[in-house]
Protein chains: 2
Amino acid sequence: MIRNIKLTLRFNGSEFHGWQIQENAETVQECTVNAIERIIGSRVTLNGCSRTDSGVHANMFCCNFRTEKQIDCKKLMRGLNAVLPDSISVYGCEEMPCEFHSRFDCKGKEYIYKIWNSEAKNPFMKNLALHYPYKLDAEMLNTQAADFVGTYDFSAFCSSGTDVEDKTRTVYSCKVTREGNMVVFSVKGDGFLYNMVRIMVGTLLDINSGKIEKGTIRDIILSKDRKRSGITAKAEGLYLNEVYYDEKEVMR
Amino acid sequence: MIRNIKLTLRFNGSEFHGWQIQENAETVQECTVNAIERIIGSRVTLNGCSRTDSGVHANMFCCNFRTEKQIDCKKLMRGLNAVLPDSISVYGCEEMPCEFHSRFDCKGKEYIYKIWNSEAKNPFMKNLALHYPYKLDAEMLNTQAADFVGTYDFSAFCSSGTDVEDKTRTVYSCKVTREGNMVVFSVKGDGFLYNMVRIMVGTLLDINSGKIEKGTIRDIILSKDRKRSGITAKAEGLYLNEVYYDEKEVMR
């Protein structure tokens, strides 16, 4: 009997060229497929919930694969954690209905973007947060970020090089909070375009520096013009934070 | 005129053999002295607030040095951050009265010890927290930890190899808290013996596993017998978290 196994991962993306397998580059998908092969003895097709760029991290990343191997989920998880590099860990492993697909069944995601806002770097956050040494007005940015909420064509917040035709997405919530020197941008939506979150963050940073005018996010969205939005913030601060398979949860 | 400059550092200890300069090993003190020399052009004597072991981290570490160089504190800090490795950063730089000494004037310290309590490792905390995969009862340990508070001869919580004669120290507060999978031990006192915090943590872990009986911490302290306390927990979870120069603050 074929089983459909879902894994939930956490990974430090700074050592990988993103999720997706590619030639001549270490990726999370390849490391995980290799680890599965070592434990169950056969090569599987591993579906990821999303592509991620080089250097992007995940507090939660879901993937699934099919196998006939009758290994217990707890044992499989323990085995995988024993052979995976320290930069990837598996904290969930469960059997799913045959038709489950980690990407097509995904109802929404939450991303967070960490910004270390202090003149001095944080020695514990190398490659794990953007270092922004200038004054950052998190409260003002939180007010601005609320304008991202809604259903729009987000073409102005999408890098070229994507073949997606429908660029309409729904953002359910979008916030900027501060805890000491750490400023965190968080956004929840039904889906995200290529580099969308990083351009949203870059636009807020450009608003902070005065390069983009306050109160113009809604206009920029409606313009569908990538030239009007801000820079693409570096990958290092970005984390896929949660993946939702239940519609009610993502809208909460 | 001789100036006395106090620096406040944060450092990731995983790349260093502790604070103190020694031959054939990279230390935080040596890196910092080298950086100061590059900025002000002369070799200084740098007094640290404490020794730290190999692999131990600091969210706050104070040190001071004397110089005739009339460099502005802001410029000095900026210069040091530009030449220091990413694992050390300076976030405070101020001129102090001539007699100030970062070690002798220190009135107390707070250490924290981070434990990642989950079967799966945390890819973001490699060398930055102890990985403890078994069930940890943080509430119970918090109750036990309260027994460390008080003024005692802490010989039972001191590794050999120290030449300190008076082993009496005052612990002002001692707590164990949990936030998700992260369990944090924190302790504030007027001073700490060699490996004292790591043995306190190790003793709590031994109480958690049942190797040491609950409710015996006070007895172990009074026995002054190192054989009765627990293991010395690994350095990687330990952080010097705060350094106090004001008696009122440490007792708060």
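Quick notes on the rules
Residues numbered from 1 in each chain as written. Chains lettered and ligands numbered in written order. Predicted model: local features only at pLDDT ≥ 70, side-chain atom pairs only at ≥ 80, totals over all residues. Heavy atoms only, no water. Phe/Tyr/Trp six-rings, centres within 6.5 Å; stacked < 30°, edge-to-face > 60°. Helix = DSSP H or I, 4+ residues; strand = E, 2+ residues; numbered from the N terminus. Buried < 20%, exposed > 50% of the residue type's maximum accessible area, 1.4 Å probe, protein only. Lys NZ or Arg CZ within 6 Å of the ring centre and 35° of its normal. Least-squares fit on C-alpha atoms with pLDDT ≥ 70 in both. Contact = heavy atoms within 4.5 Å. Salt bridge = Lys/Arg side-chain N within 4 Å of Asp/Glu carboxyl O. 1 Å grid on protein atoms, 1.4 Å probe; cavity = no way out; pocket = protein on both sides within 12 Å on 5 of 7 lines; lining within 4 Å. Points joined across faces, edges and corners; volume = space filled by probe spheres on them. Nonpolar A, V, L, I, M, F, W, Y, C, P; charged D, E, K, R; others polar. Buried area = accessible area lost by both parts, 1.4 Å probe. Polar contact = N/O pair within 3.5 Å; in protein donor to acceptor, adjacent residues only side chain to side chain. Axes fitted to C-alpha atoms, helices over the stretch in contact; angles between N-to-C directions. Parallel < 35°, antiparallel > 145°, perpendicular 65-115°, else oblique. Left-handed = near helix turned anticlockwise from the far one by under 90°. Domains from an automatic or database assignment.

**Notes on the packing of aromatic side chains**
Geometrically, a pair of aromatic rings is defined through the distance of the ring centres and the angle of the planes.
For step 1, the next point in the chain: In total, this model carries 18 aromatic pairs over all chains according to the counting rule given.
For step 2, the next point in the chain: Taking 5.3 Å as the distance between ring centres and 55 degrees as the angle between the ring planes, the aromatic pair formed by Tyr239(A) and Phe124(B) counts as tilted. Separated into two different chains, Tyr239(A) in strand E10 (residues 238-244) and Phe124(B) in the loop between strand E5 (108-116) and strand E6 (130-131) make up a pair that spans both.
For step 3, the next point in the chain: When its relative accessible area of 1% is taken as the criterion, Tyr239(A) is described as buried.
For step 4, the next point in the chain: Judged by its relative accessible area of 11%, Phe124(B) is buried.
For step 5, the next point in the chain: Both rings, one in Tyr152(B) and one in Phe154(B), keep their centres 5.8 Å apart while their planes meet at 90 degrees; by these two values the pair is edge-to-face. Phe154(B) shares its class with Tyr152(B); the two are buried.
For step 6, the next point in the chain: Aromatic rings pair up to connect Phe148(A), Tyr152(A), Phe154(A) and Phe157(A) into one cluster.
For step 7, the next point in the chain: Here the basic side chain of Arg10(A) rests over the ring of Tyr91(A), its NZ or CZ set 4.6 Å away from the ring centre.

**Looking at the relation of the copies chain B and chain A**
For step 1, the next point in the chain: For the match of chain B to chain A, the screw axis carries a shift of 0.0 Å, the RMSD comes to 0.0 Å, and the turn is 180 degrees. The symmetry that links the two subunits is that of a two-fold axis. Measuring from the rotation axis to each C-alpha of chain B, the shortest distance belongs to Phe124(B), at 4.6 Å.
For step 2, the next point in the chain: Most of the interface of chain B is mirrored in chain A, where 100% of its interface residues again form contacts.

**Describing the pattern of salt bridges**
For step 1, the next point in the chain: Counted by the stated rule, this structure contains 20 salt bridges over all chains.
For step 2, the next point in the chain: Connected through shared salt-bridge partners, Asp86(A), Lys121(B) and Lys126(B) make up one network.

**Some remarks on empty space enclosed by the protein**
For step 1, the next point in the chain: Counted according to the given criterion, the structure contains two cavities of 30 Å³ or more.
For step 2, the next point in the chain: Here the largest cavity is characterised by a volume of approximately 60 Å³.
For step 3, the next point in the chain: Around the largest cavity, the lining residues are Ile115(A), Leu136(A), Leu141(A), Val176(A), Val183(A), Val184(A), Phe185(A), Val201(A), Leu204(A) and Leu205(A).
For step 4, the next point in the chain: Breaking the lining of the largest cavity down by element, the ones donating at least two residues are strand E9 (182-189) and helix H4 (196-209) of chain A.
For step 5, the next point in the chain: Each pocket or cavity is described by its volume, and for the second largest cavity that value is around 40 Å³.
For step 6, the next point in the chain: What lines the second largest cavity is Ile115(B), Leu141(B), Val176(B), Val183(B), Phe185(B), Val201(B), Leu204(B) and Leu205(B).
For step 7, the next point in the chain: Of all the secondary structure elements, the ones that give two or more residues to the lining of the second largest cavity are strand E9 (182-189) and helix H4 (196-209) of chain B.
For step 8, the next point in the chain: The dominant element in the lining of the second largest cavity, judged by the number of residues it contributes, is H4(B), at three residues.
For step 9, the next point in the chain: Residue composition of the lining of the second largest cavity, grouped by class: eight nonpolar, no polar and no charged.

**Comments concerning the interface of chain B and chain A**
One frequently used descriptor of interface size is the decrease in accessible area upon assembly of the parts.
For step 1, the next point in the chain: Taken together, the contacts link 25 residues of chain B with 25 residues of chain A.
For step 2, the next point in the chain: Between chain B and chain A lies a buried interface of about 2,000 Å² when both sides are counted; carbon and sulfur atoms form 58% of it.
For step 3, the next point in the chain: On the chain B side of the contact with chain A, Asp86(B), Pro123(B) and Phe124(B) bury the most area, a combined 36% of that side's loss.
For step 4, the next point in the chain: The interface formed by chain B and chain A contains six salt bridges.
For step 5, the next point in the chain: Its salt-bridge partner being Arg78(A), residue Glu119(B) comes within 3.1 Å of it at the nearest N-O pair.
For step 6, the next point in the chain: Counting every contact that joins chain B to chain A gives eight residue pairs in polar contact (both at pLDDT 80 or more).
For step 7, the next point in the chain: Here the side of chain B that touches chain A takes four residues from strand E4 (residues 88-96) of chain B, the largest share from any one element.

**Comments concerning the packing of helix H1 (residues 28-40) of chain A against helix H2 (residues 73-83) of chain A**
Residue and element names in this part refer to chain A.
For step 1, the next point in the chain: Two elements in contact, H1 and H2, have axes separated by 9 Å at closest approach and are oriented at 120 degrees. One finds that H1 runs oblique with respect to H2. The chirality of how H1 crosses H2 is right-handed. Of H2, the residues touching H1 (which contributes Ala 35, Ile 36, Arg 38, Ile 39 and Ile 40) are Leu 76, Gly 79, Leu 80 and Val 83.

**With respect to the domain arrangement of chain A**
All names here are of chain A.
For step 1, the next point in the chain: Split by domain assignment, chain A resolves into domain 1 (3-96) and domain 2 (108-246).
For step 2, the next point in the chain: Just the C-alpha atoms count here: the centres of domain 1 and domain 2 sit 27 Å apart.
For step 3, the next point in the chain: Buried area between domain 1 and domain 2, both sides added, is near 1,200 Å², and the carbon and sulfur share of it is 56%.
For step 4, the next point in the chain: Per-residue buried area on domain 1 facing domain 2 is highest for His 57, Asn 59 and Met 60; these three make up 42% of the total on that side.
For step 5, the next point in the chain: Where domain 1 meets domain 2, there are one salt bridge.
For step 6, the next point in the chain: Note that Arg 198 and Asp 53 form a salt bridge whose closest N and O atoms lie 3.1 Å from each other.
For step 7, the next point in the chain: In this structure, the connection of domain 1 to domain 2 is made through eight residue pairs in polar contact (both at pLDDT 80 or more).

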